[in-house]
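Listed here are the chains, written in short residue letters.
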Amino acid sequence: MDDPITLRLSELHDRRTFLTRASALTLAIPGVGAALTACSPGRPNSSDTTRAAPAQGTGAAAPAPGTAQPNNSDSRLDTAVVKGEHHAGTSATGTAAQGAQSAVYHRFDPMLPPLVPGGRLQLHWHAREVPIRIADDTVVAAWTFEGDVPGPIVHTRVGDTVEFTLTNDAAIPHSMDFHAAQIDPKVAFRSIVKGESVTFRFTPKFAGAFMYHCGTAPVLMHIGSGMFGAIIVSPREPLPPAKEFVLVQNEFYLADAANGVRASSYQKMLDMLPDLVAFNGRPSQYVKEPIRVKRGDRVRFWIVDAGPTHPCHFHVVGEQFDTVYLGAPPATPIRGVQTFTVPAGGGMCFELLCDVAGEFPFVNHGFGHGQKGAIGFLVVEP
Amino acid sequence: MDDPITLRLSELHDRRTFLTRASALTLAIPGVGAALTACSPGRPNSSDTTRAAPAQGTGAAAPAPGTAQPNNSDSRLDTAVVKGEHHAGTSATGTAAQGAQSAVYHRFDPMLPPLVPGGRLQLHWHAREVPIRIADDTVVAAWTFEGDVPGPIVHTRVGDTVEFTLTNDAAIPHSMDFHAAQIDPKVAFRSIVKGESVTFRFTPKFAGAFMYHCGTAPVLMHIGSGMFGAIIVSPREPLPPAKEFVLVQNEFYLADAANGVRASSYQKMLDMLPDLVAFNGRPSQYVKEPIRVKRGDRVRFWIVDAGPTHPCHFHVVGEQFDTVYLGAPPATPIRGVQTFTVPAGGGMCFELLCDVAGEFPFVNHGFGHGQKGAIGFLVVEP
Amino acid sequence: MDDPITLRLSELHDRRTFLTRASALTLAIPGVGAALTACSPGRPNSSDTTRAAPAQGTGAAAPAPGTAQPNNSDSRLDTAVVKGEHHAGTSATGTAAQGAQSAVYHRFDPMLPPLVPGGRLQLHWHAREVPIRIADDTVVAAWTFEGDVPGPIVHTRVGDTVEFTLTNDAAIPHSMDFHAAQIDPKVAFRSIVKGESVTFRFTPKFAGAFMYHCGTAPVLMHIGSGMFGAIIVSPREPLPPAKEFVLVQNEFYLADAANGVRASSYQKMLDMLPDLVAFNGRPSQYVKEPIRVKRGDRVRFWIVDAGPTHPCHFHVVGEQFDTVYLGAPPATPIRGVQTFTVPAGGGMCFELLCDVAGEFPFVNHGFGHGQKGAIGFLVVEP
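Residues numbered from 1 in each chain as written. Chains lettered and ligands numbered in written order. Predicted model: local features only at pLDDT ≥ 70, side-chain atom pairs only at ≥ 80, totals over all residues. Heavy atoms only, no water.

Asker: Go over the overall build of chain A with me, naming the residues and quoting the values.
Answerer: Looking only at helices and strands, one finds eight helices and 21 strands in chain A. Burial status across chain A gives 69% buried among its 382 residues. For chain A, the proportion of contacts with a sequence separation of at least 24, taken over those separated by at least 6, is 75%. By element, 55% of the accessible surface of chain A is carried by carbon and sulfur atoms, the whole surface being about 11400 Å². (Helix = DSSP H or I, 4+ residues; strand = E, 2+ residues; numbered from the N terminus. Buried < 20%, exposed > 50% of the residue type's maximum accessible area, 1.4 Å probe, protein only. Contact = heavy atoms within 4.5 Å. Areas by Shrake-Rupley, 256 points an atom, 1.4 Å probe, with all protein chains shown as cover.)

Structure representation (structure tokens):
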């Protein structure tokens, strides 16, 4: 460990020790598959309560939350984070830190994908550890859904059915928590180890921009390392025609580069001072390659704030939102808004009518965050 | 003072010096009993403007805010905080740090207590310094109302009368500020020294979840050391039947343990990076001992965010709120919400229909906070 | 550079280096006049794309955002911030740090100025670097509109016309971004160098409390150094009669004093831990000199949170807001609110009926901020 970090750790020793104890209380959340499993090769998988979990719909056999051991001392990541042994509490696990050279930058398409006809969306995703190039000179060791940060944009509709399967290809346990679902998380959102799969289905009740994320403990670490995305639920009665875009804000907390890759740092996440903030996983990507619409278009931004910690004060420079939906669209709209706060772990729907041509930056107007990359351009062509 | 802290202080010297000057402006707030009194034994009580304050209802004789000295150099705590003399600016005052062994952990009951019949609620509380066990291995030197953190849950109704008396049993001045009251704070919320009492009454105008707290300067220190709680005001026309729970989020900023007790640190509060975050005063207590309801129940969470500084992005994993009231229930509900932000110093009412059995974590989805203990379980039994 | 800062920098080296790279992406925002110009005397103005920018209304000749160089290596401030050469990334530019002795403290009048008759408001402002005394013992090196922090309160009405000219008297480029305008920011909000002027007009569509600020990159630095204020847009149908006040919250991030003046520190802004927080630019100014109304008055607070980073949890001790407008007044009011969050870069309208005489502190109830100066007094005279 290099000097700067040593300094920091010694200085923060008091707090860290305490946090360690605190973490011991919360790292493992029984019922969300939280008893992290020791799945490293050559080490016996001694405490996988998730494997023993009952099948979907029958939660009775699982240990009651009140009786479960709050900390799983056999958990590899738990142990790593608490004791600082494994990668010093970073995301540099499995294949996450390999292949920086081959990690090619690409713009994340912010367009809302079309609805799938038939009212049934079938998804089979894989949890994977991959290096992601988030800027020309920055590759992060990411934990992902489907190999990207954020994961794929899901688009469905109130009353439709989403059938979802997650297969874990990664070295540590992962899971899936859709905020659009009303479902027993102990079963549906349970953690699975490498090679396992979990399947569940749900029918969204409410329209809106919802977050999804890995809910495996410590959740802060799994969101903070890249396992999040947006599921957009349209109302059954279509909203007014618009160009629809999805922006997911997240914070990056990064350790020093090793072999050209920067792992996510759990200690930095606990310190809550991000290095970078981004819409759709790449700081300032839409400054370099803007979102383009035509004059006269209505634009609908579905904003999800993945955090892990900070809200997003969403604003479009030179424009005003004629409508922001605080709840499920089209209910309870508010009109004439310059900036509104999207909660960490929440989502909102922002609309504006582009009757002026020009180049409009959209930002997190909490500028300590905006300046770190939560900024882009909406270009309204004449 | 040990080395890590020395390092931190020297490093932050520039900011600290300035904060000290800044604090001098705001520590003492005239009109809220803010001229802190020197009440240590053997030291003359030389500047107790609160004692000279007029009786309730006649504020005329008190010094106008504009003319009062903004900083009271005779204030013991002021002096302590500014000069770092007294317990290094911590809550280790009076009896707060004594008796760690005898501090027994107990779960804080989150149930909303029933309304008292007759429309008149009479409360006589005591401000007390006590050690509180917030976890198996953690005892904090708390400043309290009625010996617990948070203080007792108060339940009243729009139009009813609350008659409140505070007696100060503690070494330093304290006071009471109810957010549900419309009343002259210069009189009703004035600070009192050890042995004194203050009485006031009020009639809540609006329904909602309201914070109460000690308003004695520095307010940050008094809230941060444990003097806060919730007063729930039900509307006169009852809301739909529900299982009703009260959750008060707060942050802990803790110094090193001394004799097994950790005092609250004012400097850490100014630095705004909490060590722990909790619902109802104990990190993760409802992970260990969940809140239990039955399938089919409507659950109403009255959420108060005591801070002292950070908001709460309230979320229930696997569920959605069919209703969140931003203002006084039952007005202006919003529907279909995954997460909404409760302001620091604010309160909101969240409802969900538990039509799915399971184990549902509720969290501050600002996960830098959630991971530090702002998490619990709602178990919906089949 | 003194030792404490050296320590901090070395300790944060890892993050800083990364931020530097991140900043390189976002410091210069093409289309908002973001290519900062090198305007120091004796240095050739080698890259002034703003000068080459097309006249208002014809944006076609400017480089498209996607093709512009994201960082302008010729920019003096850019270079300064990135390399730490110029004033160590502070606001101690031009005349900002001169004349501490002559900087006289004055209370910032919070009253909403009357509407100008005729429906046309003409403003010609100057961007100026001046030292501002924000407290008896504190002078800051400010970047300003019209020589004060915040800039002048603007009051207009939905459908009226604002004709605005900014002339830059300052050493570095500046610009103006009104959140009340729907206009092409690439043209209207473009940066201008010393001696230049920019003129634009707009017609506010929505009522509300809107922020204005310098939008020149890095925006965080320009807001953080003092270039912000409030434009209040009244609805055409007047709101109920009230005493109307405007409060703009901002954070100060200050370097050590040099010659009695403290510059704003860009690194501290990135670290997001403010030294002071204020309403209308002076910490606790309305504690010393309160806002006064009469019993029976309705009070309307137009709150703008300039940030640059943190929201404002606005609260009046001893009172409750009967009305808070989340969107454009008078639409979508919520009733019975103790505290509501104003987003960084946003504005809201809070109303209360002062039917109780007394002295009511108004605060940011995020008390880590309130304690640093976001506090004042509303005195309701009998």
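Asker: Mind laying out the nonpolar core, listing which residues take part and the relevant values?
Answerer: If you look at the biggest cluster of nonpolar residues, it comprises 328 residues, and the most contacted ones within it are A:Phe301, A:Phe314, B:Phe301, B:Phe314, C:Phe301 and C:Phe314. In this structure, C:Phe314 is in contact with C:Leu247, C:Phe279, C:Phe301, C:Ile303, C:Phe321, C:Gln338, C:Thr339, C:Phe340, C:Phe350, C:Phe362 and C:Val363, ignoring residues within four places of it in sequence. (Core = buried A, V, L, I, M, F, W, Y, C linked by side-chain atoms within 4.5 Å.)

Asker: I'd like a rundown of the pairing of strand 7 (residues 208-213) of chain B, residues and numbers included.
Answerer: All names here are of chain B. When you tally the buried positions in strand 7, you get six out of six residues, the bulk of the element. Side chains of strand 7 alternate between two faces, with Gly208, Phe210 and Tyr212 and Ala209, Met211 and His213 buried alike. Here strand 5 (residues 177-178) runs beside strand 7; their pairing, made up of two bridges, is antiparallel. Pairing of Phe178 across the sheet is with Tyr212, part of strand 7. Relative to strand 8 (residues 228-234), strand 7 is paired through six bridges, and the arrangement is antiparallel. In the sheet register, Ala209 faces strand 8, and the bridge partner there is Ile232. (Pairing = 2+ DSSP bridges.)

Asker: How would you summarise the sheet that holds strand 4 (residues 161-168) of chain B if you had to cite specific residues and measurements?
Answerer: Residues and elements named next belong to chain B. Pairing within the open sheet is mixed, and its six strands lie in the order 6-4-1-2-11-10. The outermost strands of the open sheet, each flanked by one partner alone, are strand 6 (197-202) and strand 10 (254-258). The mean angle between the axes of side-by-side strands here comes to 30°, regardless of whether they run parallel or antiparallel. Here two bridges tie strand 2 (residues 138-145) to strand 11 (residues 261-264), and the two strands are oriented parallel to one another. Paired with Ala141 across the strands is Ala263, a residue of strand 11. (Axes fitted to C-alpha atoms, helices over the stretch in contact; angles between N-to-C directions.)

Asker: Before we move on, could you go through the pattern of salt bridges and cite the residues and values that matter?
Answerer: This model, assessed by the stated rule, comprises 45 salt bridges over all chains. As a salt-bridge pair, A:Glu359 and C:Lys186 come within 3.2 Å of each other at their nearest N and O atoms. With A:Glu359 in strand 20 (residues 358-364) and C:Lys186 in helix 4 (residues 185-188), the pair connects residues from two separate chains. As far as the burial class goes, A:Glu359 and C:Lys186 line up, both buried. Here B:Arg120 ties to B:Glu163 by a salt bridge, and the two come within 3.6 Å at their closest N and O atoms. (Salt bridge = Lys/Arg side-chain N within 4 Å of Asp/Glu carboxyl O.)

Asker: Could you give an account of the environment of B:Ala207, naming the residues involved and the relevant values?
Answerer: Looking at the secondary structure, you find B:Ala207 in the loop between strand 6 and strand 7. Residue B:Ala207 is classed as buried on the basis of its relative accessible area, which comes to 4%. Each residue touching B:Ala207, except ones within four places of it in the same chain, is listed here: B:Val158, B:Val233, B:Ser234, B:Pro235, B:Ala328, B:Pro329 and C:Gly336.

Asker: Could you give me a rundown of the packing of aromatic side chains, with the residues and numbers involved?
Answerer: Taken as a whole and assessed by the stated rule, the structure comprises 66 aromatic pairs over all chains. A ring pair is formed by A:Phe178 and A:Phe200, whose centres lie 6.2 Å apart and whose planes are at 70°; its orientation type is edge-to-face. With A:Phe178 in strand 5 (residues 177-178) and A:Phe200 in strand 6 (residues 197-202), this pair connects stretches of sequence that are 22 residues apart. A centroid spacing of 5.6 Å and a plane angle of 50° characterise the contact between B:Phe164 and B:Phe200, whose relative ring orientation is tilted. Taken together, the residues span a long stretch of sequence, with B:Phe164 in strand 4 and B:Phe200 in strand 6 at a distance of 36 residues. Each member of the pair, B:Phe164 as well as B:Phe200, carries the same accessibility label: buried. (Phe/Tyr/Trp six-rings, centres within 6.5 Å; stacked < 30°, edge-to-face > 60°.)

Asker: Got a sec to walk through the side chain of C:Lys268? Specific residues and values, please.
Answerer: Residues and elements named next belong to chain C. Looking at where Lys268 falls in the secondary structure, it is placed in helix 6 (residues 266-271). Among the polar contacts listed, one links the side chain of Lys268 to the backbone oxygen of Leu254, at a separation of 2.7 Å. Side chain to side chain, Lys268 and Asp275 meet in a polar contact 3.0 Å long. (Polar contact = N/O pair within 3.5 Å; in protein donor to acceptor, adjacent residues only side chain to side chain.)

Asker: Could you give an account of the confidence of the model for chain A, with specific residues and numbers?
Answerer: Averaged over all residues, the pLDDT of chain A equals 82, while 77% of them reach at least 70. Confidence drops under a pLDDT of 50 for residues 1-86 of chain A, and excluding neighbours within four residues, the segment shows 182 contacts in the predicted structure. (pLDDT = per-residue confidence, 0-100.)

Asker: Tell me what's going on with the sheet that holds strand 14 (residues 298-307) of chain B, and back it up with residues and numbers.
Answerer: Within a beta sheet, neighbouring strands are joined by backbone hydrogen bonds and run either parallel or antiparallel to one another. Residues and elements named next belong to chain B. The strand order across the open sheet formed by six strands is 12-9-14-19-16-17, and the pairing between neighbours is mixed. Each edge of the open sheet carries a strand with a single partner, namely strand 12 (276-279) and strand 17 (333-334). In this structure, strand 16 (residues 323-325) lies alongside strand 17, joined through two bridges in antiparallel fashion. When the bridges of strand 17 are listed, Val324 appears paired with Ile334.

Asker: Requested: an account of the environment of B:Thr323, with residues and values cited.
Answerer: Residue and element names in this part refer to chain B. Looking at the element boundaries, Thr323 is found in strand 16. The buried category is assigned to Thr323, whose relative accessible area is 3%. Separated by 14 residues in sequence, Thr323 and Val337 place their C-alpha atoms 7.2 Å apart. What Thr323 contacts, discounting residues up to four positions off in sequence, is Pro333, Ile334, Arg335, Cys349, Phe350 and Glu351. Within polar-contact distance, the side chain of Thr323 engages the side chain of Arg335 at 2.6 Å.

Asker: Please provide a residue-by-residue account of the state of the cysteines, values included.
Answerer: Residues and elements named next belong to chain A. In the structure shown here, the tally under the stated rule is zero disulfides over all chains. Left unpaired, Cys349 is separated from the closest cysteine sulfur, that of Cys354, by 14 Å. When its relative accessible area of 2% is taken as the criterion, Cys349 is described as buried. (Disulfide = S-S within 2.5 Å.)

Asker: Before we move on, could you go through unusual backbone geometry and cite the residues and values that matter?
Answerer: The omega torsion of the bond from A:Pro329 to A:Pro330 falls at 5°, within 30 degrees of zero and hence cis. Relative to the assigned elements, A:Pro330 resides in the loop between strand 16 (323-325) and strand 17 (333-334). For the peptide bond that leads from C:Val149 to C:Pro150, omega is -5°, which places it in the cis range. Along the chain, C:Pro150 turns up in the loop between strand 2 (138-145) and strand 3 (154-157). Phi is positive for C:Met272, close to 65°, though the residue is something other than glycine. Mapped onto the elements, C:Met272 comes out in the loop between helix 6 and strand 12 (276-279). Classification of C:Met272 as buried rests on a relative accessible area of 7%. Backbone geometry places C:Thr332, a non-glycine residue, at a positive phi of 40°. Mapped onto the elements of the fold, C:Thr332 is located in the loop between strand 16 (323-325) and strand 17 (333-334).

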